[in-house]
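# Survey of secondary and tertiary structure
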Amino acid sequence: MRDLGSVTGSWRRTAAGAGLQDTAGDVLPTIFAEMSALAARTGAINLGQGFPDEDGPAAVLEEARRAIADGVNQYPPGRGIPELRRAIADHQRHWYGLSPDPDRDVLVTAGATEALSAALLALTDGPADEVVVFEPFYDSYAACVALAGARLVRVRLHRTATGFAPDPDELTAAVTDRTRIILVNDPHNPTGAVFSRELQQQIVALAHRHDTLIITDEVYEHLRFDSDHVPIASLPGAWERTLTVSSGGKTFSTTGWKIGWISGPAPLIEAVLAVKQFLTYVNGAPFQPAIATGLRLPDEYFVQIATAMRAKSDVLATGLGGAGFDVIPSHGTYFTVADAAPLGATEAAAFCRSLPGRAGVVAIPLTAFVTPEHRGEYATLVRFAACKRIEVLQDAAARLAGLARP
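Residues numbered from 1 in each chain as written. Predicted model: local features only at pLDDT ≥ 70, side-chain atom pairs only at ≥ 80, totals over all residues. Heavy atoms only, no water.

### Quick notes on the overall build of the protein chain
Broken down by element type, the protein chain carries 14 helices and 14 strands. Since a compact globule built from 406 residues should have a radius of gyration of about 22 Å, the 21 Å found for the protein chain is in line with a globular shape. Principal-axis analysis of the C-alpha atoms gives the protein chain an extent of 65 × 55 × 50 Å. Put simply, the protein chain has 406 residues, and 57% of those count as buried. Residue pairs at least 24 apart in sequence account for 74% of intrachain contacts in the protein chain once pairs closer than 6 positions are excluded. Of the side chains in the protein chain, 35 bear a positive and 45 a negative charge, and the two mean positions are spaced by 3 Å. (Helix = DSSP H or I, 4+ residues; strand = E, 2+ residues; numbered from the N terminus. Rg over C-alpha atoms; globule rule 2.2 N^0.38 Å. Buried < 20%, exposed > 50% of the residue type's maximum accessible area, 1.4 Å probe, protein only. Contact = heavy atoms within 4.5 Å. Lys, Arg positive; Asp, Glu negative; His and termini not counted. Charge placed at Lys NZ, Arg CZ, Asp CG, Glu CD.)

Structure, rendered in structure tokens:
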């Protein structure tokens, strides 16, 4: 029998790369699982994990029911059903002026996370390749890069008066001829930042200078508060080296359906498909026509969800400010980051673990999205999710107000 230590080496390296191992080498639960369990155990309001507590549009849900009743319950085509691929291409054309070929430039995936995983596995080739990410970052990025055997290079998003942004000089220094991929998340989870046009242009220029690919995670594309979303792929000179990832989960409040997609030049999509077909192969047959229905909803729907999320974000920010937090402006996504230092916090994880008992609310420490050597800069910052009903956010604000009382 083979030695189990050698058999498990790969997943242990991946867990270590994602920060999911303790010093004894045991795999730890993610902070999201820990805090969601704490919310369930204590009855606290869960503003930690980013999932909405309302259903998506009725037309989308009804189309899923109809598809199930009509027998759309077996394997769909490997690239995704043609109806959904056409809807994705039409949606990008309508909103962003992009013209992907639905038969060659679009691939349906098991959520955005699979699209990112398959792309990183397909387009990197071991430790000689570097992947530049913006830190703090969605936790699966480090795990996917570790699975691919590539090297993670972090560019920190620094706190500013208006949110978070990288230092342009630090970004320039991070991207070199060893860089294989610049991985962009815009709008940005967990900070709620939106990348400026100048930053997007700098990324494209660096990609050209160093012959680098760009992968953009744009799952919050329709949840920007201040302006319309501009995909990097739509900038001059960007399309031929950019893969754009999105999904229906955040846009249509269907996070459990896991219907995502990736689009870009056909040769890059072919490379991603070569890996993706050995991951899930296909998924979500009856949900694919439903997401296609969603993508064809009138423009008013997409305007309304951004307006509604901004209103929720404002309610949350007002409540956090009233509780004594120093609130950092959010420009999109589900999330608002606040500094708990004015409340006496010195370490965000400990503060978050105490918060359900103190106020009946669950949040996530921003340090969960940061590598250990950079945690000091984010030591007292906490992420709250605004993707809940207004009355739930108002209840959470009332509970948190107790923190400000002597």
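### Let's talk about the nonpolar core
Counting 61 residues, the largest nonpolar core has F134, F164, I203, F325, F384 and L400 as its most contacted members. Per-domain counts for this core show at least three residues from each of domain 1 (10-55 + 301-402) and domain 2 (58-296). Not counting residues up to four positions away in its chain, the partners in contact with I203 are F134, L171, I182, V184, F195, I214 and I232. Grouped together as the second largest cluster of nonpolar side chains are 58 residues, L84, I88, W257 and A385 included. (Core = buried A, V, L, I, M, F, W, Y, C linked by side-chain atoms within 4.5 Å. Domains from an automatic or database assignment.)

### Some thoughts on the pattern of salt bridges
Under the counting rule described, the total for this entry stands at 21 salt bridges. Notably, a salt bridge pairs E270 with R79, separated by 2.4 Å at the nearest N-O pair. Of this pair, E270 sits in helix 10 (residues 266-276) while R79 sits in the loop between helix 4 (58-69) and helix 5 (82-96), and the two are 191 residues apart along the sequence. For E270, a relative accessible area of 42% puts it in the partly exposed group. R399 is paired through a salt bridge with D395; the nearest N and O atoms lie 3.3 Å apart. You can see R399 and its partner D395 sitting in helix 14 (residues 390-400), four residues apart, about one turn around the helix. You can call R399 partly exposed: its relative accessible area is 31%. (Salt bridge = Lys/Arg side-chain N within 4 Å of Asp/Glu carboxyl O.)

### Some words on helix 10
Looking at helix 10, one finds that the buried residues are A266, L268, I269, V272, L273 and K276. Across the axial projection of helix 10, the buried residues extend over an arc of 155°, all falling on one side. Next to the buried residues of helix 10 lie strand 2 (106-110), helix 6 (111-123), strand 7 (213-217), strand 8 (242-247) and strand 9 (259-263). (Arc of directions from axis to C-beta.)

### Looking at the pairing of strand 5 (residues 163-166)
Pairing analysis gives four bridges linking strand 4 (residues 151-160) to strand 5, with the strands arranged antiparallel. Bridge pairing in strand 5 places R159 opposite F164. Hairpin connection of strand 4 to strand 5: two residues between the antiparallel strands. (Pairing = 2+ DSSP bridges.)

### Notes on the UniProt feature "domain: Aminotransferase class I/classII large" (unreviewed entry) in the protein chain
Residues annotated in UniProt with the feature "domain: Aminotransferase class I/classII large" (unreviewed entry) correspond here to residues 44-373. The span residues 44-373 shows a helical share of 38% and a strand share of 19%, and its end C-alpha atoms are spaced 31 Å apart. (UniProt positions renumbered as here; feature names shortened; annotations may be inferred.)

### Focus on the packing of helix 5 against helix 11 (residues 287-295)
In the contact formed by helix 5 and helix 11, the axes pass within 8 Å of each other and the chain directions differ by 25°. Between helix 5 and helix 11, the crossing angle belongs to the class labelled roughly parallel. For the pair helix 5 and helix 11, the sense of crossing is left-handed. Two secondary-structure elements touch here, helix 5 through E83, L84, A87, I88 and H91 and helix 11 through Q288, P289, I291, A292 and L295. For the contact of helix 5 with helix 11, the residue count by class is seven nonpolar, two polar and one charged. (Axes fitted to C-alpha atoms, helices over the stretch in contact; angles between N-to-C directions. Parallel < 35°, antiparallel > 145°, perpendicular 65-115°, else oblique. Left-handed = near helix turned anticlockwise from the far one by under 90°. Nonpolar A, V, L, I, M, F, W, Y, C, P; charged D, E, K, R; others polar.)

### Describing empty space enclosed by the protein
In this structure the tally under the stated criterion is two cavities of 30 Å³ or more. Considered as a void within the structure, the largest cavity measures approximately 70 Å³ in volume. Considering the residues around the largest cavity, the lining is formed by I88, H91, Q92, Y96, E218, E221, P231, T244, S246, W261 and L295. Looking at the lining of the largest cavity, the elements that each hand over two or more residues are helix 5 and strand 8. (1 Å grid on protein atoms, 1.4 Å probe; cavity = no way out; pocket = protein on both sides within 12 Å on 5 of 7 lines; lining within 4 Å. Points joined across faces, edges and corners; volume = space filled by probe spheres on them.)

### Section: the domain arrangement of the protein chain
Taken domain by domain, the protein chain holds domain 1 (10-55 + 301-402) and domain 2 (58-296). A straight line from the C-alpha centre of domain 1 to that of domain 2 covers 23 Å. Opposite the 39 residues of domain 1 that make contact, domain 2 presents 42 residues. Of the roughly 3600 Å² buried where domain 1 meets domain 2, counting both sides, 61% is carbon and sulfur surface. Considering only the surface of domain 1 that becomes buried against domain 2, F302, H331 and T333 emerge as the three largest contributors, covering 20% of it. On inspection of domain 1 and its partner domain 2, the count reaches five salt bridges. Linking domain 1 with domain 2 are 21 residue pairs in polar contact (both at pLDDT 80 or more). Going through the elements one at a time, helix 2 (9-17), helix 12 (299-323), strand 10 (326-328), strand 11 (335-339) and strand 14 (381-385) are the ones with two or more residues in the side of domain 1 that touches domain 2. Ranked by residue count, the leading element in the side of domain 1 that touches domain 2 is helix 12, at seven residues. Residues of the side of domain 1 that touches domain 2, tallied by class, amount to 19 nonpolar, 11 polar and nine charged. (Buried area = accessible area lost by both parts, 1.4 Å probe. Polar contact = N/O pair within 3.5 Å; in protein donor to acceptor, adjacent residues only side chain to side chain.)

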